[in-house]
Amino acid sequence: MRLFKSKKYSSLEELVKACQRQDPSAQTAFYDLYKSKLLGICFRYAKTGAEAEDIFQEALIKVFKNLGELKDTNVVASWVKSIVIRTAINYYNRTTKQEQLNSCVDDIAAEFKSEEHERIINQMDMEVLLNVINSLPDGYRMVVNLYLIDGFSHKEIGEFLHITESTSRSQFFKGRNLLIKKLEQKGITQYEIS
């Protein structure tokens, strides 16, 4: 199976170099190659489809603007993903963070063991999990996505969101508990996941 539909670019390196020369057909091929994955990332961080589209467009502009600085084409996928995540965080900081970071979740009585939530989440259908994560309040959703899905440390999350590391941990803990509660409300419990 060929990586690219176009015969013009036989490798990712050729495609990136053509994009660095601002070749419009290469930019179109690059866009087609990464669109679905990048939009998926945007949807995880956005509250609405329109926000996700805005984040995607803004990130894509940054990618094409800075692609000339990329020296190692072997890291293009992680480089692009990083730009999209940072763009989503910046969007959040500009537009959403002004709203209340936490919603009232004092009614969450259940405390879950750390190993238990990881096992449950690792065994779930990713689409179901992402839909439930997207229903979390903004602050929780951001931290859960960054920590649980994208693997950033609480220190890194704190730097991204301009919060302390302990606030990141607290947001994750509360968000994780709310996530598990919402999963249980959907009928997904640890006993039903094999």
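Further up the page is the structure itself.
Basis of the calculations
Residues numbered from 1 in each chain as written. Predicted model: local features only at pLDDT ≥ 70, side-chain atom pairs only at ≥ 80, totals over all residues. Heavy atoms only, no water. Helix = DSSP H or I, 4+ residues; strand = E, 2+ residues; numbered from the N terminus. Expected span 1.5 Å × (residues − 1). Buried < 20%, exposed > 50% of the residue type's maximum accessible area, 1.4 Å probe, protein only. Axes fitted to C-alpha atoms, helices over the stretch in contact; angles between N-to-C directions. Parallel < 35°, antiparallel > 145°, perpendicular 65-115°, else oblique. Left-handed = near helix turned anticlockwise from the far one by under 90°. Contact = heavy atoms within 4.5 Å.

Draft legend 1. Main features of helix H9 (residues 165-185). With 21 residues, H9 ought to run about 30 Å at 1.5 Å a step, and its terminal C-alpha atoms sit 30 Å apart, in line with that. Those residues of H9 lying buried are Ser 168, Gln 171, Phe 172, Gly 175, Arg 176, Asn 177, Leu 178, Leu 179, Ile 180 and Leu 183. Trailing H9 by a residue or two, Gly 187 shows a phi angle of about 90°, which is positive.

Draft legend 2. View of the packing of helix H1 (residues 12-20) against helix H2 (residues 24-45). H2 packs onto H1 with a crossing angle of 125° between their chain directions and a minimal axis gap of 8 Å. Compared by their axis directions, H1 and H2 come out oblique. Along this stretch, H1 crosses H2, giving a crossing that reads as left-handed. Contact residues: Leu 12, Leu 15, Val 16, Ala 18 and Cys 19 in H1; Ala 26, Gln 27, Ala 29, Phe 30, Leu 33 and Tyr 34 in H2.

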